[in-house]
Each structure stands twice: as C-alpha cells, then as structure tokens.
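Residue strings, one per chain:
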Amino acid sequence: MQEIELKFLVPESRLKGLLRQAQVKSSEVTQLAAHYYDTPDQQLAQAGIGLRIRKEGDAWVQTIKAGGDGIAARLEHNAPLDNEQVQAMLDSNTLMPDLSIYKNTSVAPALAEFKLKKLAKNLTRLYVTDVERTTRLLVDESDDEANNHIEMAYDCGEIIHGNDDSQRDAIQEIEFELISGDIDFLFATAKTWCKRYKLCLSTVTKAERGGLLITGQHHSPAVSADLDQLTINKDSSMPAFIRAVVHNCLLQILPNSSAIVAGSEDDDHILQLYIGIARLQAALQAFASYSDEINPDWLPIIKQTAALINDYQKLAYLASDIEPDLQQHGAPIVDWTADIDTLKITPKDAVGANDFQLTLLELIAFTMSDPSLEPQADKPVIDKLAKTLSKQYAKLGKVAQIIESKKATDSDSITVENNDLKNDESRSVDSEITDLENVNSESDDIEKIDTDDKDAEQAMHKLHQQLTALLYISEFAAPLLEKKKSKKKTKRWLKRLVKAQTALNHYRNHIMYQQRYQLKSETDSNALYGAGWFAAMLTRDHKRSEKRLAKVIDSSIFW
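Note that this is a predicted model, so its numbers are computed, not measured.

Draft legend 1. Representation of the overall build of the protein. Helices and strands together make up the secondary structure of the protein, namely 17 helices and nine strands. Seen through its principal axes, the protein has C-alpha atoms that stretch 100 × 60 × 50 Å. Every one of the 559 residues in the protein was classed for burial, and the buried ones make up 47%. Considering only contacts in the protein between residues 6 or more positions apart, those separated by 24 or more positions represent 75%. With 65 positive and 85 negative side-chain charges, the protein shows a spacing of 6 Å between the two charge centroids.

Right, here's the structure in full:
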C-alpha cells in the first residue's frame, strides 16, 4: 500500500497549544518500541528503505517503507507478528525481521537489487526508538459521506543507539496521514495546523535520524539537483510537465530546508537550498502558462525567501572561506562576527517563516494533484517548449544589448563634451529600454535597467538573472527537445551556459566582496587589503564573463 503522510517539527513555543488540540478525549496514547535493522554499512538506508519491528500497544508489527515520490508518499508494507514468538526471540536476543514475507508484494521491486538470503544474514539491529504516540482521528465535517479521514499523530520520545544507550536523540514531531478520502483534505488540514502552530515541514524519517545517530552526524548531507529524477517524457502534457519540474525542485529544496529548520547552519545546506529555490523560481516564471493551478502568490514569497537566504549565505561564506583564504595570502585579520550577528533574519528564520512553509505545502499539493483534470491536459508540452526557450533567450540577448549600449554611451561621454550629444545618446539608450519592455510586455518579468546607474553589480545582477533562468529551463527542457543526432549540440549548449553562469556569478560575488571590504575599511583599516584584492580581480573577472557570455549569445540553439 502507499502511505501519504506529512511530517512537521514542532517549535517549543507552540508545543503547549498544540498538545491541547492533540490530547482531546477521543485521542489515544500508545507506547511504541521499535527496533530498526540494516546492514552495518547501511545498504538499506542508501536504497531509501527502512525496516523495523515495532511494538504497537500489545501487538508486534514488522514494517518496511520504501520508494514513493520522495516527498509525501511512500510504499509501506505491514505484517503482524506472533507475540509469543517475538517475546521468545527478545528473551534470547535473536529478534530479526523475516524478509521472505516480501516476495510477491508491492515492495518486492524495492528489494530487487538485494539477494534476500544474503541480506538477511547481514542484518543487524542498529538503533531503537522509544516513543509515546498520541493519535487523533480528524474527520472532514463538510463531507456528507464522511469519507475523508486523517490520523494526526504526535510523537515524543527518543532514538537510542543499538550498541550504546548513552547515545540518544530526542523526537518531537507531528504527522498527518491520509487514512481515506480526498488528498485535498490532508493538505487543507495540514495547512490549518501549520498556520496555527508555526509548524515546519520535515522529510527526515526516524530511520534516517537513527542512521545519523550511529554515524555521529546531526544532519544528512546537503542535497543537490538531480535531473535524473525528473519524470517526463515526450508525451507529457503541459500541466504534467510543470508538476514534474516543481517536484524535481522540491526534491532539492525539502531535504535542505528540513536540515536548516532542525538547526543546521552548514554552508552546503544553505547554498543548495538557495539553488533549489532559484530553480523553482525560474520554472514558475517561465512555465507559468502551462497550468491554471499555479498560484501567483507563490512567486513573491519564494523570491523573498531566496533573497534573505542569499544575504546571509554570502556574508557567512565571506567569513568562513574568503577571509581565511585572504589571510593565507598575507592579509590582516578582519572579524565579520558582528556583521553576521546584525543580520535580522537567519536562514532558519527565513525557512521557518509561516508564509514559506505554507507555500511549500501548496507546492507539494500541486505536484500531487491530477494534471489530467486541467483544461490544457490535451496539449503536449513539446509543442510549447521551444517557444518558451526562445523567449527566454531573447530576453537574455536584450539585457546584454542594453548593457553594451550603456558601455558605449559611457565611453562616448568621456570624449564628447557636447551636452546635447550626451542627451541624445541617453535618449537612444532609453528608447532601447522601451523596446525591451515592449518585447516582454506579455510576461512583464524583466526588471528595468537603470542606464544612469554605474553600479556594475546591478547590471550584472540583471544579466545573471536571465542567464540563470535560461540555464535552468534549458536543463528541464533538454530531455524532450534534444534529438539523437544533436545530443552533442545540446551538451555543448548546456556546458556553455554553465560556464557563462559560473563566470558571471564569480564576477557578481567579487563585486559584492569588494564593496563589503571597502565599507568595512571605514571602521577597520585591515579591510583595505581585501578591498584592493577584489578590485584587482574585477577586470579579469569582467573579461572572462564577457567572453563566456558572448559564446552563449553567438552559439546556435539546440531546440
């Protein structure tokens, strides 16, 4: 069977109020003692499989969980065990799972890569959980037939190392599982509780947390984008395509956001979350017309969260990586601790914000909704993708053209003293901006570029935005548009995009670092070294980014 479940971490400040709703007269309290099994090198965990034997009240149940959509749905198989046999094995310390029961079941494919007899011999109990579970059945009162049922389960307890019971990790989480009925009721209920108690989504299972405990880790490694998990084909409709793309973005966003709300301050988690959100932002902007179910309120919240994360990530990286690197080259020490402390919002604050968490819930619901019910369900996405890519490519070219026009104008202004001529040139550039706005009036998603602003960071930011969006949507579309004979052409195109985007990213970052050190030098003269260092690098960075961008602008498209 498939389990559809949403899990949340509970903030301590909201726990009392939540418990008042969880511990009502109709709720039940059950002690759950679970033994989790894997090979010593965690082969099952690496395959996304959790295997346990758990006492649920007075009954023992063997459960395996595997596969699913990687977010809210998983395959689950439960097998009741003989209590006397289990007790006998417990007494002799020989309690082990019976893998033979999974032959010809829905989870058999998940175990196909294993030789079950060999796997059974290598299994060992790695950790146990001791949990008090409070459950409450939630029924949709607006449903006349009373088919919509959800089980709310609040878990409080510990994960305990299998060989060292002094190593423990606290559990405090709430789950909402669809028992029967419409999945919309699950998400509506979860949103109500999330909003009321400021809950934060978590994709970290108890099995995953147990694996971290025995390896001495607090959080799983950061998750990067994996386009191999993008489930699309040439017959995909427009609504199905955008759902698959959003799902692929969430596979990167949710594990990293889960780690951050659980307390991770790791630079990799923050960076990969930012990249995941940037991919999602590009997809929602470029493919907005592919589905009538896309909520226009998602994009502003996503943009705001990305900006807050980026502000922190850049400064934290400057302190943790840039500063030590400069010191190795002889730079005096500059302390950025106070600057980081003055930031009003940390990544945990930004990710845990209720608006962002509710948006994540709505995005998950969107990916799990039926694309065949949409008006555009009969429209193949392959008929639309080329036009979408061409439109984004044109935007990039126009932004680059405006920047080149500004450079020419600035250069002429140095040698030409006639004010009237300068004004004519300024009006010429302004007219180009008007042309750009007219070209993109349909989507209205290119911001105006102020040609009087000599701040290189702003200009590169606009250019970088368009280039990054083109890269991400090209990656999403490439599997459908590339032909067998042009795979090399597609790879060459993507490679050039990556190189140009990387070069522009370095240039923008170095501008920001130079400005940071320059500003810091007003109160700390040690920062002058860093300001001069990055100022010296900018000319080289600019030439490199221009060269690589030119290759993208001049290259032949793959679609």
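Draft legend 2. Representation of the pattern of salt bridges. One pass over the full model with this rule turns up 16 salt bridges. We note a salt bridge from Glu173 to Lys7, for which the minimum N-O separation is 3.5 Å. Placement of Glu173 in strand E8 (residues 168–180) and of Lys7 in strand E1 (residues 2–9) is noted, with a sequence separation of 166 residues between them. For the pair Glu173 and Lys7, a shared accessibility class is recorded, and that class is buried.

Draft legend 3. View of helix H7 (residues 238–261). Between its first and last C-alpha, H7 extends 33 Å over 24 residues, near the 34 Å set by a 1.5 Å rise per residue. For H7, the principal kink sits at Leu250 and spans about 30°. One side-chain oxygen at the N-terminal end of H7 lies 3.2 Å from the backbone nitrogen of Ala240; it belongs to Ser237. Looking one or two residues beyond H7, the residue adopting positive phi is Gly263, at roughly 115°.

Draft legend 4. Focus on a positive patch on the surface. Together, Lys488, Lys489, Arg492, Lys495, Arg496, Lys499, Arg544, Lys547, Arg548 and Lys551 make up a region of like positive charge exposed at the surface. Those elements giving two or more residues to the positive patch turn out to be helix H16 (487–520) and helix H17 (527–554). Of the residues forming the positive patch, the biggest block, six residues, is contributed by H16. Secondary-structure assignment places Lys547 in helix H17.

Draft legend 5. How the structure looks around the environment of Ser474. Topologically, Ser474 is positioned in helix H15 (residues 456–481). Ser474 gets classed as buried once you look at its relative accessible area, which sits at 0%. Separated by 81 residues in sequence, Ser474 and Tyr393 place their C-alpha atoms 9.9 Å apart. For Ser474, the residues in contact, after removing those within four places along its chain, are Leu389, Trp493, Leu494, Leu497 and Phe558.

Draft legend 6. Fine view of the nonpolar core. In terms of nonpolar packing, the biggest core is built from 108 residues, with Phe8, Phe176, Leu199, Phe241 and Phe287 touching the most fellow members. For this core, the element with the most residues is H15, which contributes 14 residues. Dropping the residues within four chain positions of it, Phe176 is found in contact with Ile4, Glu5, Leu6, Phe8, Leu138, Ile150, Glu151, Met152, Leu186, Thr189, Trp193 and Leu199. With 17 residues, the next largest nonpolar core counts Val86, Leu99, Val107 and Leu119 among its residues.

Draft legend 7. Spotlight on the packing of aromatic side chains. Using the criterion set out here, one finds 17 aromatic pairs in the structure. Between Phe176 and Trp193, the aromatic rings sit 5.5 Å apart at their centres with planes inclined by 65°, giving edge-to-face as the arrangement. One end of the pair, Phe176, is in strand E8; the other, Trp193, is in helix H5 (residues 183–197), with 17 residues separating them in the sequence. Take Phe176 and Trp193: they sit in the same class, and that class is buried.

Draft legend 8. Layout of the pairing of strand E5 (residues 73–80). Sheet topology note: the E1/E5 ladder contains three bridges and is antiparallel. Across the sheet, the residue bridging to Ile4 is Ala73, located in E5. The sheet contact formed by strand E4 (residues 59–66) and E5 spans six bridges and is antiparallel. When the bridges of E5 are listed, Val61 appears paired with Pro80. Two successive antiparallel strands, E4 and E5, enclose a turn made up of six residues, where Gly67 displays a positive phi of approximately 60°.

Draft legend 9. Representation of the packing of helix H8 (residues 267–286) against helix H9 (residues 298–328) in the model. Running from N to C, H8 and H9 cross one another at 150°; their axes reach a closest spacing of 9 Å. Between H8 and H9, the interaxial angle falls into the category roughly antiparallel. Where H8 crosses over H9, the two elements pack in a sense that is left-handed. Among the residues making up the contact of H8 with H9, the classes are represented as 14 nonpolar, six polar and three charged.

Draft legend 10. Layout of the side chain of Gln514. Relative to the elements of secondary structure, Gln514 occurs in helix H16. For Gln514, a relative accessible area of 16% gives the class buried. Beyond its immediate chain neighbours, meaning those up to four positions away, Gln514 contacts Ala531, Phe534 and Ala535.

Draft legend 11. Molecular detail of the packing of H9 against helix H12 (residues 354–368). As a packed pair, H9 and H12 sit with axes 10 Å apart at the nearest point and diverge in direction by 125°. The pairing of H9 with H12 is recorded here as oblique in orientation. The way H9 lies across H12 gives a crossing that is left-handed. Residues Trp298, Ile301, Ile302 and Thr305 of H9 touch H12, and the partners they reach there are Asp355, Phe356, Thr359, Glu362, Leu363 and Phe366. Class assignment for the residues of the contact of H9 with H12 results in six nonpolar, two polar and two charged.

Rules and cut-offs
Residues numbered from 1 in each chain as written. Predicted model: local features only at pLDDT ≥ 70, side-chain atom pairs only at ≥ 80, totals over all residues. Heavy atoms only, no water. Helix = DSSP H or I, 4+ residues; strand = E, 2+ residues; numbered from the N terminus. Buried < 20%, exposed > 50% of the residue type's maximum accessible area, 1.4 Å probe, protein only. Contact = heavy atoms within 4.5 Å. Lys, Arg positive; Asp, Glu negative; His and termini not counted. Charge placed at Lys NZ, Arg CZ, Asp CG, Glu CD. Salt bridge = Lys/Arg side-chain N within 4 Å of Asp/Glu carboxyl O. Expected span 1.5 Å × (residues − 1). Bend = angle between axes of the 7 residues up to and from the residue. Polar contact = N/O pair within 3.5 Å; in protein donor to acceptor, adjacent residues only side chain to side chain. Patch = residues over 30% accessible without salt bridge, like charges linked within 9 Å, V, L, I, M, F, W, Y side chains within 5 Å. Areas by Shrake-Rupley, 256 points an atom, 1.4 Å probe, with all protein chains shown as cover. Core = buried A, V, L, I, M, F, W, Y, C linked by side-chain atoms within 4.5 Å. Phe/Tyr/Trp six-rings, centres within 6.5 Å; stacked < 30°, edge-to-face > 60°. Pairing = 2+ DSSP bridges. Axes fitted to C-alpha atoms, helices over the stretch in contact; angles between N-to-C directions. Parallel < 35°, antiparallel > 145°, perpendicular 65-115°, else oblique. Left-handed = near helix turned anticlockwise from the far one by under 90°. Nonpolar A, V, L, I, M, F, W, Y, C, P; charged D, E, K, R; others polar.

Honestly, it's all geometry; don't read function into it.
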